[in-house]
Amino acid sequence: WVIDMALGPDASNVQVAEKHRVIAVESNLDAIAEAGKKYISDKSANSVDYKTLVTEKYLEPVQPVAGESYDGIKIESGGGKIEVVTAKGSEVTKVY
């Protein structure tokens, strides 16, 4: 019982920290989706990938906060879903 109490707050802190990282990743995905929609509108493109958004200066490089990679993200003109996986295995998805 004493061991459970000692581990409880630490486990809770880890969960809170992971939740905050997931929120930060969601914010990053929002920024990528918005930049992608602007690029598609400006260029009359059908799609754009993350690397092009950075190269074309529509977006500053996004810093990973939970071991995720944004390199494979592609925004489609008709809308869709983008997702990444954190180092701890949490899938974070954004519908745009």
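See above for the structure.
Predicted, not measured: the structure shown is a model, and the values here were computed from it.

Sorry, what's going on with the environment of Glu91 here?
Note that Glu91 resides in strand S4 (residues 91-95). Residues in contact with Glu91, not counting those within four places in the same chain, are Glu83, Val84 and Val85.

Please clarify how unusual backbone geometry should be interpreted in this entry.
Note: most residues except glycine have negative phi, and most peptide bonds are trans. Of note in the backbone geometry, Ser44 takes a positive phi value of approximately 50 degrees without being a glycine. The topology assignment puts Ser44 in the loop between helix H1 (2-43) and strand S1 (47-49). The exposure class assigned to Ser44 is exposed, which follows from its relative accessible area of 66%. Non-glycine residue Lys57 carries a positive phi angle of around 65 degrees. Structurally, Lys57 is set in the loop between helix H2 (50-55) and strand S2 (74-76).

What should I look at first to understand the side chain of Glu18 in this one?
Tracing the chain through its elements places Glu18 in helix H1. Among the residues examined, Glu18 registers a relative accessible area of 12% and is labelled buried. Filtering out sequence-adjacent residues up to four positions away, Glu18 remains in contact with Thr86, Lys88 and Ser90.

Is there a simple way to think about the nonpolar core in this case?
A general tendency of soluble globular proteins is for nonpolar side chains to be buried together. Counting 23 residues, the largest nonpolar core has Leu29, Ile32, Tyr50, Tyr70, Ile73 and Ile75 as its most contacted members. Of all the elements in the fold, those that place two or more residues in this core are H1, H2 and strand S3 (81-85). The greatest single-element share of this core, amounting to 8 residues, is contributed by H1. Ignoring anything within four residues of it in the chain, the contact list for Tyr50 reads Ile32, Leu59, Pro61, Val62, Tyr70, Asp71 and Ile73.

Would you take a moment to explain the packing of aromatic side chains for this structure?
Each aromatic ring pair is described using two quantities: the centre-to-centre distance and the angle formed by the ring planes. Scanning the model with the defined rule gives 2 aromatic pairs in all. Between Tyr39 and Tyr58, the aromatic rings sit 5.1 Å apart at their centres with planes inclined by 75 degrees, giving edge-to-face as the arrangement. Here Tyr39, found in helix H1, pairs with Tyr58, found in the loop between H2 and S2; they are 19 residues apart in sequence, far enough to count as distant. Relative accessible area serves as the criterion here: at 24%, Tyr58 is assigned to the partly exposed category. On the basis of an interplanar angle of 40 degrees and a centroid distance of 6.2 Å, the ring pair of Tyr50 and Tyr70 is categorised as tilted. A residue pair is termed long-range when its members are at least 10 positions apart, and Tyr50 in helix H2 and Tyr70 in the loop between H2 and S2 qualify at 20 residues. For the pair Tyr50 and Tyr70, one class covers both residues: buried.

What counts as what
Residues numbered from 1 in each chain as written. Predicted model: local features only at pLDDT ≥ 70, side-chain atom pairs only at ≥ 80, totals over all residues. Heavy atoms only, no water. Helix = DSSP H or I, 4+ residues; strand = E, 2+ residues; numbered from the N terminus. Contact = heavy atoms within 4.5 Å. Buried < 20%, exposed > 50% of the residue type's maximum accessible area, 1.4 Å probe, protein only. Core = buried A, V, L, I, M, F, W, Y, C linked by side-chain atoms within 4.5 Å. Phe/Tyr/Trp six-rings, centres within 6.5 Å; stacked < 30°, edge-to-face > 60°.

Any functional reading would require information beyond the geometric quantities listed.
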